[in-house]
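Report on the structure
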Amino acid sequence: MANLLEHLVTLSFLLVLQISVISAEYGFVQINPSTKTLSNAVDICTAYNSGFKAFPTHASPLAEWFEVADTYPDLGCHPHVNNSFNKKIVIVKRGNCTFAEKAFHVLKANGNGVLIVSDDGLAVPDATREDFETINISVAVITDESYKVFQTLKTTVGLVNIRLWEYAINVPRHIDLNLVIIWFLAVITCAAGAWAQGNCRVKETQQSLSNDNEIVENLDLNVNVAQSILFFVMSSVSILLMYFFYDYLVYVIIVVFCYVSALAMFSLLHSYLKYSPCYIRYKIPQNNIIFLKNRPSVLGILLFLLCMSFSVTWAICRKKWFAWLLQDILGVGFCIYMIKAIRLPNFKICTLLLSLFFVYDVFYVFITPLLTKNNESVMVHVATGGSGKTKEELPMLFKLPKLELLALAKCTELPYSLLGYGDVLLPGLHVGFCATWDFKTSAKSMVKLHSYYIAAVLGYGIGLILTFIAMYVMMVGQPALLYLVPCCLLSTFFVALKRNELKDIWNAETVISTPIYKELVPESDENIESLEPLNSVKDNLLTTK
């Protein structure tokens, strides 16, 4: 129980976001230091969201360009009293309030667009559906390096002589390669973690039936109804804490993620290496040190230090151009380990847990704008970096640079496609149950081999595709569990209905204390009757017996 509570507390902070890919486009702001010719125009890269107002993809005569109102370093978080911008593009600084608030104040002051200067690279100017319906001016983000280019031109020719034109690259509509890669990454990670859970259950059961002294995994991680509700409540509390205290808790999340992801990576590698003769040959000498008195292998200690070093390297370099690759590697290990370790014993618990987080996603994305003072989504606020003071991003996301936008060479950094770990992990727990149930029943009929597992993986893949389609059509970041939960649960429901096993899986008990492979052992085997439920398991990850 203690181990389960530890996992739930960690997950509640690391999985406060299930929001999927945020809709965004990338284009240019063309700065012209002359009111008579376009020959000296300068392009700077920008990120914008067509949910506010789409950038045009065509050139425009100089007469239609916009004048500029430079209020930087003003944050634009308060109404521009006694100030009418007369259809100008207004420049403000990022921070202290949402993108939508800045745009709303410019709109009320008769501005035609807002250009937000970010000193932490390009950021996606996202908002709620209500904000998109209310604000009909362009909202774009540029870097502070780009603003310095503007300042140089302003000093040279004067602000009154500068004009701006915002435009987008006319990219032909095609399948987004990034979404394809993220889809495969998410599906493979989910499937691998679920398969590891089922396969681990096989080894545990075989060892329990043979009275083996060493148990492969910790068995105190089976979730019940009360714990499912507790997980839901802790996640809700966590996202509210992040909403109000983002600038402080984001560093806590980064530290926790480093520690947990390193342990997850070590645990996965250790579980595959600990039986290798080379791995266990050399052990440290006899000692009385608390964590070393069981004489772990020297290579095991080196592996642990290597995993911790990998995680710390990501933390130190998390704002470098290559940090996304390190984060994705840590994320894959983290998700597989958690899916493998946390087990849902039956379809009833699967339905309860996923339904709770279905409500969680819908509430914090679509309902909270009706309750907050600024009509902003709590989920979107946290996902886009809170108030923006720290310029830190939450790490529990798969990130992939947008490959189709390599033409944006003028950008200071490539934009990313994002997918939250929760969109992989939570459905993965359900797929893990399906894998375990298949291992339990597969001996009865080879035709039924892994049918629940395959159906659940297919349901997850289809749900993710529906998420991407909804994001593309609505041009708004989507809570992926809104689509993943029905697809995953319905896939299992229909297979169970077809096989007349709905009642069986609804109240199943796929835990080690009730051996799931009892039907694989001959009934005459006297060892089965003498088996006692396992009450406690002590498994030191650094110990190799």
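Residues numbered from 1 in each chain as written. Predicted model: local features only at pLDDT ≥ 70, side-chain atom pairs only at ≥ 80, totals over all residues. Heavy atoms only, no water.

Looking at an unreviewed UniProt entry, one finds the protein chain named PA domain-containing protein and attributed to Clavelina lepadiformis.

1. Concerning the state of the cysteines
Counted according to the given criterion, the structure contains one disulfide. Shown here is the disulfide that connects Cys 77 with Cys 97, its sulfur atoms set 2.1 Å apart. Its S-S torsion of about -85° marks the bond between Cys 77 and Cys 97 as left-handed, since a negative value means left-handed. Separated by 20 residues along the polypeptide, Cys 77 in the loop between β3 (66-70) and β4 (89-93) and Cys 97 in the loop between β4 and α2 (99-108) bring together distant segments of the chain. Accessibility expressed as a relative area gives 10% for Cys 97, which makes it buried. (Disulfide = S-S within 2.5 Å. Helix = DSSP H or I, 4+ residues; strand = E, 2+ residues; numbered from the N terminus. Buried < 20%, exposed > 50% of the residue type's maximum accessible area, 1.4 Å probe, protein only.)

2. Description of the packing of aromatic side chains
Here the structure, examined in full by the defined rule, presents 22 aromatic pairs. Taking the centre distance of 5.6 Å and the plane angle of 70° together, the rings of Phe 493 and Phe 494 count as edge-to-face. Judged by its relative accessible area of 52%, Phe 494 is exposed. (Phe/Tyr/Trp six-rings, centres within 6.5 Å; stacked < 30°, edge-to-face > 60°.)

3. Thoughts on a nonpolar patch on the surface
Side chains of Val 225, Ile 229, Val 233, Val 237, Leu 240, Leu 241, Phe 244, Phe 245 and Tyr 248 sit close together on the surface and give an oily, nonpolar patch of about 830 Å² of accessible area. Among the secondary structure elements, Phe 245 is positioned in helix α6 (residues 225-273). You can call Phe 245 partly exposed: its relative accessible area is 43%. (Patch = residues over 30% accessible without salt bridge, like charges linked within 9 Å, V, L, I, M, F, W, Y side chains within 5 Å. Areas by Shrake-Rupley, 256 points an atom, 1.4 Å probe, with all protein chains shown as cover. Salt bridge = Lys/Arg side-chain N within 4 Å of Asp/Glu carboxyl O.)

4. Some details on helix α8 (residues 298-316)
Residues spaced three or four apart along an α-helix point in a common direction, a consequence of the helix completing one turn every 3.6 residues. With 19 residues, α8 should reach 27 Å at 1.5 Å per residue; the first-to-last C-alpha distance of 27 Å fits that figure. Elements that come into contact with the buried residues of α8 comprise α6, α7 (277-280) and α9 (323-341). (Expected span 1.5 Å × (residues − 1). Contact = heavy atoms within 4.5 Å.)

5. Re the sheet that holds strand β5 (residues 113-118)
Around the barrel, which closes on itself, the seven strands sit in the order β1-β2-β6-β5-β4-β3-β7 with mixed pairing between neighbours. Across the sheet, the mean angle from the axis of one strand to that of its neighbour is 40°, orientation sign disregarded. The strands that α2 touches are β4, β5 and β6 (138-143); relative to β5, the one it contacts most, it runs at about 140°. On the sheet, helix α4 (residues 144-157) packs against β1 (25-32), β2 (42-48), β3, β4, β5 and β6 and is oriented at approximately 95° with respect to β6. (Pairing = 2+ DSSP bridges. Axes fitted to C-alpha atoms, helices over the stretch in contact; angles between N-to-C directions.)

6. As for the packing of helix α10 (residues 347-367) against helix α14 (residues 481-498)
When two helices pack together, you describe them by how their axes are tilted relative to each other and by the distance separating the axes. Contact geometry of α10 with α14 gives a least axis separation of 9 Å together with a crossing angle of 160°. Judged on the interaxial angle alone, α14 and α10 are roughly antiparallel. Viewed along their axes, α10 and α14 form a crossing whose handedness is left-handed. On the side of α10, the interface is formed by Phe 347, Cys 350, Thr 351, Leu 354, Ser 355, Phe 357, Phe 358, Asp 361, Val 362 and Phe 366, while α14 contributes Leu 481, Leu 482, Val 485, Pro 486, Leu 489, Thr 492 and Phe 493. Residues that form the contact of α10 with α14 fall into these classes: 13 nonpolar, three polar and one charged. (Parallel < 35°, antiparallel > 145°, perpendicular 65-115°, else oblique. Left-handed = near helix turned anticlockwise from the far one by under 90°. Nonpolar A, V, L, I, M, F, W, Y, C, P; charged D, E, K, R; others polar.)

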